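Residue-level structure breakdown
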Amino acid sequence: MAAELKHKVVKGVAWSTVEKIASALLQLAVSLVLLNLLSPEDYGLMAIVAAFPAILMPLVDSGFSQALIRKKTVDDTDYSSVFYVNIVISLVLYAVLVAVAPACGRYFGASDFARIAPILYLLIPINSFSNIQNAILQRSMEFKNLSLYVLVANAVSSGVAIWMAVEGCGVWALVGQRLGVVVVKTALMWIGSSWRPRLLFSMERVRGMFRYGSRILLSDLVSNVYYQISNLFIGKFYTKADLGYYDRGNKIKEMPVTSTIMAVLSVTFSAFSRQKEDKVKLLMNARKVYILWAFVMFPLMSGLIAVAEDMFRVLLPEVWLPAVPYLRILSVAGLLAPLSVISFNLVKVCDDGNMIFRIEFIKKLIATAILAITIPISVPAIAWGQVAIFVSDMTINCLTAKRYLPEWRLWSRAKDALPYLAVTGLMVGFVWGLGVAGAALSIPLWCVFVSKILLGAGFYALLSELLHLEAWRELKEILLGYLPRRKK
């Protein structure tokens, strides 16, 4: 059973990560195309309008999905009850957000807010129709199907967005992209799933799941508020172009960070929930996922910092260069994601929800102080403030996880990361040297940019092989162990 679960975890992480990386690469390519067709003001407006559903979306699910995944036995009454609750909440939330849209538009000085909101916010009720299918797939650890649905949805919506941008639709191209993902994903989940809601409902079951889910809901809501609050303050006190630069720098950073976070979160929560009674195995698997993720994330984020300016100069109009500093600053936070997210997932699995709310309260007090200091200074100060918030979140998550797993120590995890940080540092030095050599030899910038990516990745892999890094060995073992099974 343990070996089978380990295989499911590895396979699940593999499929989810492949999908997330493929989606991130697709989104990056599409984003680069759209950045050539749209203005910073378009992205600034979209960032403001999209902030509200991004903050309030957890209200729809209200933590029920994670309660369903965590619950030992689930039947049609559980699924149908949650389904109907999700639909009702989503419709109420949609109506409220559309009603306040004109007032929000006036407050932010965005005249198109009220026109965009009724269309964009349809994603709330549409998405609620697939929450149960999504929970079922995660509960059964069928991450291959879930990954394929998301990848197809991203591909279709990206094509729609590019077509709309070429046709001169402006910010509506971004609306079409965001809405298209949800529509296509929901349709595919209904086509691919055999589950259908039945005329069953139990308020008692709903209350039972809500006792756990409500704590997750509060945590997610508070986290989303603080995640989006920078966009809202920049949109109010600075220009829409400033917000466009900040938002694009943040979104490009998020493509690898958020994509891998979602892959690791969805798989490890399902797997860790099954192992929460066996602390030894839970610690072993958590550490293994952590070092594998750090092995990928450290060079990815450091490499993004190293090639950011070249990427913008080669692929984008000069008007977007002010976004480079934000991309570099915010990418520093991405280096901290592996330890922070794995630690928080361990807390969610081992705790009944009370501790989660407490640590979120502490984290947000710290975040409030940082935001209060940085917002009046400048937009770059806000970006550095986000890095400081990430550092505090990571520290608190790790220290809290130690309460349940005494061996999960901050210093132990730092020692685990040191080899990968060292090899990443050597890779960055190598990439910097390529840039110096390219400038000295007057090599075209696009050649230098491509060389930095390809040779930098090759250099990192070579060092990992020569130094026999644990994560590199583990990754090769996973790939070599999986490929023969595929041939049989």
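Residues numbered from 1 in each chain as written. Predicted model: local features only at pLDDT ≥ 70, side-chain atom pairs only at ≥ 80, totals over all residues. Heavy atoms only, no water.

**A look at the overall build of the protein**
For the protein, the count of helices and strands is 19 helices and 0 strands. Within the protein, the proportion of its 488 residues that are buried is 53%. Contacts in the protein between residues far apart in sequence, at least 24 positions, make up 84% of those at least 6 positions apart. Accessible surface computed for the protein: about 21,400 Å², of which carbon and sulfur atoms make up 69%. (Helix = DSSP H or I, 4+ residues; strand = E, 2+ residues; numbered from the N terminus. Buried < 20%, exposed > 50% of the residue type's maximum accessible area, 1.4 Å probe, protein only. Contact = heavy atoms within 4.5 Å. Areas by Shrake-Rupley, 256 points an atom, 1.4 Å probe, with all protein chains shown as cover.)

**A look at the nonpolar core**
One finds Phe113, Leu120, Tyr121, Phe312 and Trp408 to be the most contacted residues of the largest nonpolar core, which totals 115 residues. It is helix H12 (residues 279–315) that provides the largest number of residues to this core, a total of 18 residues. Once you skip the residues sitting within four places of it in the chain, Phe113 turns out to touch Ile48, Val49, Phe52, Ala101, Cys104, Gly105 and Tyr121. Counting 13 residues, the second largest nonpolar core, distinct from the first, contains Ala67, Ile132, Ala135 and Met209. (Core = buried A, V, L, I, M, F, W, Y, C linked by side-chain atoms within 4.5 Å.)

**Some details on the side chain of Ser193**
In this structure, Ser193 sits in the loop between helix H9 (172–192) and helix H10 (203–237). At 3.1 Å, the side chain of Ser193 forms a polar contact with the backbone nitrogen of Trp195. (Polar contact = N/O pair within 3.5 Å; in protein donor to acceptor, adjacent residues only side chain to side chain.)

**Thoughts on the confidence of the model for the protein**
In this model, the protein carries a mean pLDDT of 82, and residues with pLDDT of at least 70 account for 85%. Averaged pLDDT values for the elements of the protein fall to 63 in helix H1 (residues 2–35) and rise to 93 in helix H5 (residues 113–120). Here residues 1–5 scores under 50 on pLDDT; set against residues more than four positions off or in separate chains, the count is 5 contacts. (pLDDT = per-residue confidence, 0-100.)

**Structural notes on unusual backbone geometry**
Unlike most non-glycine residues, Ser442 shows phi in positive territory, near 55°. Ser442 gets classed as exposed once you look at its relative accessible area, which sits at 64%. Phi is positive for His468, which is not a glycine, with a value near 55°.

**Brief notes about the packing of aromatic side chains**
Applying the stated criterion across every chain yields a total of 17 aromatic pairs. Taking the centre distance of 5.6 Å and the plane angle of 75° together, the rings of Phe83 and Tyr84 count as edge-to-face. Between Tyr246 and Tyr326 the ring centres are 5.9 Å apart and the planes differ by 65°, which places this aromatic pair in the edge-to-face class. Here Tyr246, found in helix H11 (residues 240–275), pairs with Tyr326, found in helix H13 (residues 324–334); they are 80 residues apart in sequence, far enough to count as distant. Like Tyr326, Tyr246 is buried. Three or more aromatic residues joined by ring pairs form one cluster here, namely Tyr79, Phe83, Tyr84, Phe129, Trp190 and Trp195. Over the aromatic face of Trp408 sits the side chain of Arg413, whose NZ or CZ is 4.6 Å from the ring centroid. (Phe/Tyr/Trp six-rings, centres within 6.5 Å; stacked < 30°, edge-to-face > 60°. Lys NZ or Arg CZ within 6 Å of the ring centre and 35° of its normal.)

**What about the packing of helix H2 (residues 40–61) against helix H4 (residues 76–108)?**
Here H2 crosses H4 at 155°, and the two axes come no closer than 10 Å. Between H2 and H4, the crossing angle belongs to the class labelled roughly antiparallel. The crossing of H2 and H4 is right-handed. Judged by residue contacts, Ile48, Phe52, Pro53, Leu56, Leu59, Val60 and Asp61 of H2 engage Asn86, Ile89, Ser90, Leu93, Leu97, Cys104 and Phe108 from H4. Taken together, the residues of the contact of H2 with H4 sort by class into 11 nonpolar, 2 polar and 1 charged. (Axes fitted to C-alpha atoms, helices over the stretch in contact; angles between N-to-C directions. Parallel < 35°, antiparallel > 145°, perpendicular 65-115°, else oblique. Left-handed = near helix turned anticlockwise from the far one by under 90°. Nonpolar A, V, L, I, M, F, W, Y, C, P; charged D, E, K, R; others polar.)

**Topic: the pattern of salt bridges**
Inspection of the entire model under this criterion finds 15 salt bridges. Among the salt bridges present, the one from Glu470 reaches Arg287, with a minimum N-O distance of 2.9 Å. Taken together, the residues span a long stretch of sequence, with Glu470 in helix H19 (residues 470–487) and Arg287 in helix H12 at a distance of 183 residues. Arg287 gets classed as partly exposed once you look at its relative accessible area, which sits at 24%. (Salt bridge = Lys/Arg side-chain N within 4 Å of Asp/Glu carboxyl O.)

**A word on a nonpolar patch on the surface**
On the surface, Val88, Val92, Val96 and Val100 cluster together into a nonpolar patch covering about 320 Å² of accessible area. Turning to its location among the elements, Val92 is positioned in helix H4. (Patch = residues over 30% accessible without salt bridge, like charges linked within 9 Å, V, L, I, M, F, W, Y side chains within 5 Å.)

**Some words on the packing of H5 against H9**
Interaxial distance between H5 and H9 falls to 10 Å at its minimum, and their mutual angle equals 20°. If you check the angle between H5 and H9, you find them roughly parallel. When you trace H5 past H9, the crossing you get is right-handed. Seen from H5, the contacting residues are Arg115, Ile116, Ile119 and Leu120; seen from H9, they are Trp172, Val175, Arg178 and Leu179.

**Brief notes about the side chain of Asn131**
With respect to the helices and strands, Asn131 occurs in helix H7 (residues 131–139). Under the relative-accessibility criterion, Asn131 is labelled buried at 10%.

**Some words on H4**
Under the 1.5 Å per step criterion, the end-to-end length of H4 is 45 Å for 33 residues, consistent within 8% with the ideal 48 Å. Taking the largest bend as the criterion, H4 deviates by roughly 45°, centred on Ala101, and proline Pro102 comes between one and four positions later. Positive backbone phi, approximately 65°, marks Gly109, located one or two places after H4. (Expected span 1.5 Å × (residues − 1). Bend = angle between axes of the 7 residues up to and from the residue.)

**Observations concerning the environment of Val85**
On the secondary structure map, Val85 appears in helix H4. Those residues within four positions of Val85 in sequence are excluded, and the remaining contacts are Phe64, Phe201 and Val206.

**A look at the environment of Arg287**
When the C-alpha atoms of Arg287 and Ile342 are compared, they prove to be 8.6 Å apart, with 55 residues separating the residues in sequence. Sequence-distant contacts of Arg287, that is, excluding residues within four places in its chain, are made with Trp408, Arg413, Asp416 and Glu470. Only 3.3 Å separates the side chain of Arg287 from the side chain of Asp416, close enough to count as a polar contact.

**Observations concerning the environment of Ala294**
By the secondary structure assignment, Ala294 is in helix H12. When its relative accessible area of 1% is taken as the criterion, Ala294 is described as buried. Each C-alpha atom of the pair Ala294 and Ala337 lies 8.5 Å from the other, and the pair is 43 residues apart in sequence.

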